[in-house]
Amino acid sequence: MSIRIVGIGSALPEKKMTNNEIAEMVETSDEWIRERTGIVSRHVSTGETVASLAADACLRALEQAGKRAEDVELILVATCSPEEALPCGACQVQEKIGASKAVAFDINAACAGFLFALHTAWAYVEAGIYENALIAGSEVLSKLVDWSDRGTCILFGDGAGAVLVEKCDTGGLMSFTQHSDGRKGFVLSCGNRQLSNPFVRPMHEEKYVQMDGREVFSFAVKQIPLTIEEALKKANLTPENVDLFVLHQANKRIIEGIAKRLGVDISRFPMNLERVGNTSSAAIPVLLDELHRKGIIRRGQTIVLSGFGAGLSCGACVIEW
Ligand code: COA
């Protein structure tokens, strides 16, 4: 038994921000950003929230599947940038789309979040607890980024993607693997509200993304090929058997490095980061939706998904679409 993606959708904020607009705010250039990252523009919220984007993406996934919100049993929202500590984004989505029967909660595994949520849904279905799940990756990272830090503000974008998965007897999710290394947490971090109570006053207010870009880069290029090979081995497959590698959209050079290490032509690594930037947990489902709408993804294809990021966390899975 496994799970199969039966519906997919995405939602991006209306406002598009180009590299040139960023170059008006910090000392950088369109040329530098394109060359080092592959990013040309990204969508930035002017009011859209993690919950509103996730709900829009979920409604599109349901519509595409021809299914009703009332029949959804589980809603998982992967996010590291919720507006509210309470209630969680998934409960807000449940209310917005009218999925009254569903159990709903959030998962935070940063840029690996969507994959970890997909694997969690698989586990619930495999255990016989639920037969379907709506899984969204949704981020409004623009509020976590220091817009005066040129090392990070150029990278990220806002958006959401969602899939509806259902129990299936053949095909679907064939294998997965996931890893976390908390010892490297300092490499990519973001503060939250500091301890403040009658006994303690906050020492400092550090609430923006801090990153050692080179460390993240080398982690991804070294670890992801191994993680993908591990997932493929579990499915008794090799990279040659894979039609498409849909990877977390962090940096074009990272994806090129991973393709090279796997010995796979870059044409099998579709990208949309030039138009959306790094949308963290939303990146994989946003790209999947785009590829599906363009007819590039078709039933029966073997597809590898892989996500990596803060934690440090990473994962990969093999699916038969
Ligand atoms: N514009 C112009 N110059 C910039 C710049 C910018 N936006 N950002 C950094 N620089 C400068 C640095 O200050 C440095 O200058 P110096 O040599 O005078 O000190 C120089 O460019 C090189 O910096 P470095 O950090 O070594 O560049 P890089 O080639 O590693 O590229 C990243 C930086 C962030 C693009 C790259 O490390 C990266 O993409 N890492 C992965 C980040 C990521 O994907 N994070 C999310 C993972 S989920």
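Report on the accompanying structure. (Residues numbered from 1 in each chain as written. Predicted model: local features only at pLDDT ≥ 70, side-chain atom pairs only at ≥ 80, totals over all residues. Heavy atoms only, no water.)

## A few points about the packing of helix α6 (residues 213–234) against helix α7 (residues 252–262)
At a minimum axis separation of 9 Å, α6 and α7 run at an interaxial angle of 40 degrees. By the angle class used here, α6 and α7 are oblique. For the pair α6 and α7, the crossing hand works out as right-handed. Along the contact surface, α6 presents F217, A220, V221, K222, I224, P225, I228 and E229, while α7 presents R253, I254, G257, I258, R261 and L262. For the contact of α6 with α7, the per-class residue count stands at nine nonpolar, one polar and four charged. (Axes fitted to C-alpha atoms, helices over the stretch in contact; angles between N-to-C directions. Helix = DSSP H or I, 4+ residues; strand = E, 2+ residues; numbered from the N terminus. Parallel < 35°, antiparallel > 145°, perpendicular 65-115°, else oblique. Left-handed = near helix turned anticlockwise from the far one by under 90°. Contact = heavy atoms within 4.5 Å. Nonpolar A, V, L, I, M, F, W, Y, C, P; charged D, E, K, R; others polar.)

## Some details on the pairing of strand β6 (residues 132–139)
Extensive coverage of β6 is indicated by the burial of eight of its eight residues. Relative to β6, strand β4 (residues 74–78) runs parallel, the two sharing four bridges. When the sheet's bridge partners are listed, V77 is paired in β6 with A136. With eight bridges joining them, β6 and strand β7 (residues 159–168) adopt antiparallel strand pairing. If you follow N132 over to β7, its bridge partner there is E166. (Buried < 20%, exposed > 50% of the residue type's maximum accessible area, 1.4 Å probe, protein only. Pairing = 2+ DSSP bridges.)

## Quick word on the sheet that holds strand β5 (residues 103–107)
Taken together, the five strands give an open sheet; going across it, the order is β1-β7-β6-β4-β5, and neighbouring strands pair in mixed fashion. Pairing within the sheet leaves two strands with one partner each, and these edge strands are β1 (2–11) and β5. Ignoring strand direction, the axes of neighbouring strands in this sheet form an average angle of 20 degrees. With respect to the sheet, helix α5 (residues 113–126) is in contact with β1, β4, β5, β6 and β7, its orientation differing from that of β4 by roughly 160 degrees.

## Regarding the site of the ligand
Looking at the ligand, there are 22 residues lining it, with T28, R36, R150, R214 and N251 nearest. The separation between a nitrogen atom of the ligand and a polar side-chain atom of W32 is 3.5 Å. G213 places a polar main-chain atom, nitrogen or oxygen, 3.0 Å from a nitrogen atom of the ligand. In isolation the ligand has 960 Å² of accessible area, and contact with the protein removes 73% of it. Assessed atom by atom at 2 Å from the grid points, the ligand resides in the second largest pocket. Only α2 (30–37), α6, α7 and β12 (302–309) provide two or more residues apiece to the shell around the ligand. Ranked by residue count, the leading element in the shell around the ligand is α6, at four residues. Residues belonging to the shell around the ligand are distributed by class as follows: nine nonpolar, eight polar and five charged. (Near = heavy atom within 4 Å. Polar contact = N/O pair within 3.5 Å; in protein donor to acceptor, adjacent residues only side chain to side chain. Areas by Shrake-Rupley, 256 points an atom, 1.4 Å probe, with all protein chains shown as cover. 1 Å grid on protein atoms, 1.4 Å probe; cavity = no way out; pocket = protein on both sides within 12 Å on 5 of 7 lines; lining within 4 Å. Sits in = over half its atoms within 2 Å of the grid points.)

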